[in-house]
Every structure is written in C-alpha cells, then in structure tokens.
Number of protein chains: 2
Amino acid sequence: MPRRHCARHGLREQVGRWTEPRDVILDVLSRSKGHLSAKEIYDALYSSHPGIGLTTVYRTLELFRRLGFIQKVASPDGQARYELRTEENKGHHHHLICLRCGKIIDYQDFADEELELVKKTEKALAQKHNFLILDHNIEFLGLCDKCRQAAGDI
Amino acid sequence: MPRRHCARHGLREQVGRWTEPRDVILDVLSRSKGHLSAKEIYDALYSSHPGIGLTTVYRTLELFRRLGFIQKVASPDGQARYELRTEENKGHHHHLICLRCGKIIDYQDFADEELELVKKTEKALAQKHNFLILDHNIEFLGLCDKCRQAAGDI
DNA sequence: TGTATTAATGAAAATGATTTTCATTAACTT
DNA sequence: AAGTTAATGAAAATCATTTTCATTAATACA
Ligand SMILES: [Mn+2]
Ligand SMILES: [Mn+2]
Ligand SMILES: [Zn+2]
Ligand SMILES: [Zn+2]
C-alpha cells in the first residue's frame, strides 16, 4: 500500500510484496542516524503503528540485510544493530563502539591507508588459508565521551 | 587443591581461592589451540570431571578475562569463544572467521603496517570524538576451506 | 472491479546462550 | 582441626532472536 520508499529504491522486484511494515521500518531507518536495534525500531514504530509486531521487525531487517540494503552490526551489549547503507557510508566505514553504553560512532578517517592494508591482507590470507574472504570489520572499543565521565570500570 | 597452573601463572594473589574447576578449565585452555566456547570447554571437561557445571565454566572464564588471562571473541554463530593469551599471540593478532561453521583462524601477517595504522587512527579518533580507546578488533569474514566446498549460500 | 493465490503478518511458544539465585561445599586463615 | 566465607552446582530466570501456525492482505488476473 504505502509507496513512500518502494519506488525510490527500486526494490519492488526483489522484495516480493511491498507492505506497510516494510515501508514504515525503512522509513524509521531512513530518518535515524543509524545503529538501531530491532527493539528500538519497534519502539519507534509503536506509537504510530501499534499493530506491527517485533517479529516482523526482525524478519524485515533480515530481508533488507539479504538485499544489501542495510548493514548489521554486532554490539557488545548483546543485541544486533542495523544501519541503512547510504551513499556516504557505502564504501568503507568502520566503528568506534562504547563498551559501557553500546553507542556506535561511524568513522571514515584514513580510508585510503585502511583500504590498502585490507586489500593486501585479504590477498595474502585468502591464499595462505584457502579462505574466501567476503567482508571485514575494523572496530575500536572503549568509552564514549559521556561514559568516560560516569566513573570508569569495565 | 590442584597446583598445576596456580604457581605457574602467579595468579594465586589476584584469583582468590584456587580451586579444581579453575585449574582444570585453565588446563583445557592451555592444551587446546584456542577459540573454544564455554560449552566446548564444558564438554571437554565432562569425562574426567562430570561434577563441574557449565555455570562454573562461565564464571571462571569471566574471571580469567577480567584478569587479562584470556581473550573473549564474539563469533557470528552466537556463542562467545575464548582463547588463552600466550607469548606469541599476546601483542597483536587478528582473526579470520568462517560465517558458516564459526571456525576462527589467527593471523599476524602485516602486523607492522597494521600497528602503524591502528596507532594513527586511534590517536585521531580519540581526539576527534573524545573517546577513550581501550582495544580494537580487525577481522575478516568469509568461508573456510571446508565450508567453501559444501556449496555456497550465506 | 472482484476474486483467487499465497506471501507476509502477528501472537504465542520455542530456542539457546548466558546470568541469577540460593543452598551446599570446600579453600584458606588462624 | 575448626571457622569463615568465597566458590560451586542445580535449577530457574533472562533476554535476544527464531519458529510455528492460523489469519490477513498484496498482487495477479478473470
Ligand atoms: Mn555505522
Ligand atoms: Mn585468536
Ligand atoms: Zn558510552
Ligand atoms: Zn567453515
């Protein structure tokens, strides 16, 4: 029914049926700065669409991930987080993750050096271990601005 | 009671009471090539020490981690894996993770380039975001030798 | 514009890793 | 050897995610 995002992303073919939950979930992901958990998306939806179940949020996120539309990020707090793949972050962006509150900050600094090293490493490791490399993660773990203050034991 | 590892690692002070479960769990970690899950450790123990509970395995692993004795690695299969910190792997070693079977392979290639990039990035990001960086992960995801063969859809 | 087909949904139950609770045991102090 | 209390183990609880299954509704097409 709702066509806000359907045409925009030219997904109708790959997606199957374009439903209201799918449209609304995509909308939430579009508006936010990213790194939302399934529960956070569900909560954001709830006031305007109390009918949409958490199960559907999970299923839709998995669908979007399969289509390469969003990226799933493991957070040390135990719940997965999801972010839309946009023009800017599409190529290469990595994460600064707060061990206390789970906040995730994107960064793209040193992308060139990083890419160079990643390519070199991929090539060598793929050969050495006969491993098919599909993706990589680089992340820095620590304490965010806020959490540095609120005392410090992890 | 058992003193196999207690003295060896000079842990008695920091650890509190040195118990048989702690000794045996450390022994399993020492013997293995690393990257064991709590359940795998429990299973390895079971034949010789059926009395040791899975709960104790979890508690002991958390203790060892707090003491910096082992490293905890998140695996995409949903269970955490643990490896002893040894002389070789202590400094810097990263992971090749199979998305299908969860196998984790250590690598240390390009450690110098990596370290250089990591330091540069850490410095810049810590300033830029007022973030206290405590650790980092670099990992390559894909399919291991075995899993490449057993067909290919992820 | 109906109507049929069946993919998508939502509620509830199941799963599976990890954590908590609490009564019992045993490591270490004296 | 005895007392103190940290550590343990079994069972229950938690919590994110997945599965089940009956119902709904998006799309194709008459
Ligand atoms: Mn991101
Ligand atoms: Mn390792
Ligand atoms: Zn934080
Ligand atoms: Zn594999």
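Up top you'll find the structure we're talking about.
Here's what I pulled together on the structure shown here. On a predicted model such as this, the values are computed, not experimentally measured, just so you know.

Considering the coordination of the zinc ion (ligand 3)
All names here are of chain A.
Phase 1 of the analysis: Every protein donor of the zinc ion (ligand 3) is accounted for by Cys 98 (SG), Cys 101 (SG), Cys 144 (SG) and Cys 147 (SG), and the metal-donor separations fall at 2.2 to 2.4 Å.
Phase 2 of the analysis: Because the angles between the four donor atoms bound to the zinc ion (ligand 3) fall within 102 to 115°, the donor set is best described as tetrahedral.
Phase 3 of the analysis: The motif formed by the donor residues of the zinc ion (ligand 3), counted along the single chain, is C-x2-C-x42-C-x2-C.
Phase 4 of the analysis: What makes Cys 101 partly exposed here is its relative accessible area of 41%.

Structural notes on the protein's contact with DNA strand C
Phase 1 of the analysis: Among the 22 residues in the neighbourhood of DNA strand C, the closest are listed as Thr19(A), Thr56(A), Arg59(A), Tyr58(B) and Ala80(B).
Phase 2 of the analysis: Of all atoms in DNA strand C that approach within 4 Å of the protein, 64% are sugar or phosphate atoms.
Phase 3 of the analysis: At a separation of 3.2 Å, a phosphate oxygen of DNA strand C approaches a polar side-chain atom of Arg22(A).
Phase 4 of the analysis: Contacts to DNA strand C include Ala80(B), whose backbone N or O atom sits 2.8 Å from a phosphate oxygen.
Phase 5 of the analysis: Grouping the amino acids of the surface near DNA strand C by side-chain chemistry returns seven nonpolar, nine polar and six charged.

Regarding the interface of chain B and chain A
Phase 1 of the analysis: Across the contact, 37 residues belong to chain B and 37 residues belong to chain A.
Phase 2 of the analysis: For the pair chain B and chain A, the summed buried area comes to about 3,700 Å², and 67% of that belongs to carbon and sulfur atoms.
Phase 3 of the analysis: Interface area lost by chain B to chain A is led by Phe110(B), Phe131(B) and Phe140(B), which between them contribute 18%.
Phase 4 of the analysis: If you look at where chain B meets chain A, you find four salt bridges.
Phase 5 of the analysis: The partner of Glu113(A) in a salt bridge is Lys120(B), with the nearest N and O atoms 2.8 Å apart.
Phase 6 of the analysis: On inspection of chain B and its partner chain A, the count reaches 16 residue pairs in polar contact (both at pLDDT 80 or more).

Quick notes on the nonpolar core
Phase 1 of the analysis: Counting 26 residues, the largest nonpolar core has Leu96(A), Phe131(A), Phe140(A), Leu96(B), Phe131(B) and Phe140(B) as the members making the most contacts within it.
Phase 2 of the analysis: For this core, the secondary-structure elements that each account for two or more residues are β4 (94–98), β5 (104–107), α6 (111–129) and β6 (132–143) of chain A together with β4 (94–98), β5 (104–107), α7 (111–129) and β6 (132–143) of chain B.
Phase 3 of the analysis: Ignoring anything within four residues of it in the chain, the contact list for Leu96(A) reads Lys103(A), Ile104(A), Ile105(A), Tyr107(A), Phe140(A), Leu125(B), His129(B), Phe131(B) and Ile133(B).

Here we look at the coordination of the zinc ion (ligand 4)
Residues and elements named next belong to chain B.
Phase 1 of the analysis: Taken together, Cys 98 (SG), Cys 101 (SG), Cys 144 (SG) and Cys 147 (SG) make up the full set of protein donors to the zinc ion (ligand 4), lying 2.2 to 2.4 Å away.
Phase 2 of the analysis: Taken together, the four donor atoms coordinating the zinc ion (ligand 4) and their angles of 102 to 115° define a geometry best described as tetrahedral.
Phase 3 of the analysis: In primary-sequence terms, the residues that donate to the zinc ion (ligand 4) follow C-x2-C-x42-C-x2-C. Residue Cys 101 is located in the loop between β4 and β5, and its partner Cys 147 is located in helix α8 (residues 145–149); the two are separated by 46 residues in the primary sequence.
Phase 4 of the analysis: You can call Cys 147 buried: its relative accessible area is 8%.

The rules we used
Residues numbered from 1 in each chain as written. Chains lettered and ligands numbered in written order. Predicted model: local features only at pLDDT ≥ 70, side-chain atom pairs only at ≥ 80, totals over all residues. Heavy atoms only, no water. Donors = N, O, S within 2.8 Å, 3.2 Å for Na, K, Ca; no water. Tetrahedral: all angles 85-135°; square planar, octahedral: opposite > 155°, others 65-115°. Buried < 20%, exposed > 50% of the residue type's maximum accessible area, 1.4 Å probe, protein only. Near = heavy atom within 4 Å. Polar contact = N/O pair within 3.5 Å; in protein donor to acceptor, adjacent residues only side chain to side chain. Nonpolar A, V, L, I, M, F, W, Y, C, P; charged D, E, K, R; others polar. Contact = heavy atoms within 4.5 Å. Buried area = accessible area lost by both parts, 1.4 Å probe. Salt bridge = Lys/Arg side-chain N within 4 Å of Asp/Glu carboxyl O. Core = buried A, V, L, I, M, F, W, Y, C linked by side-chain atoms within 4.5 Å. Helix = DSSP H or I, 4+ residues; strand = E, 2+ residues; numbered from the N terminus.

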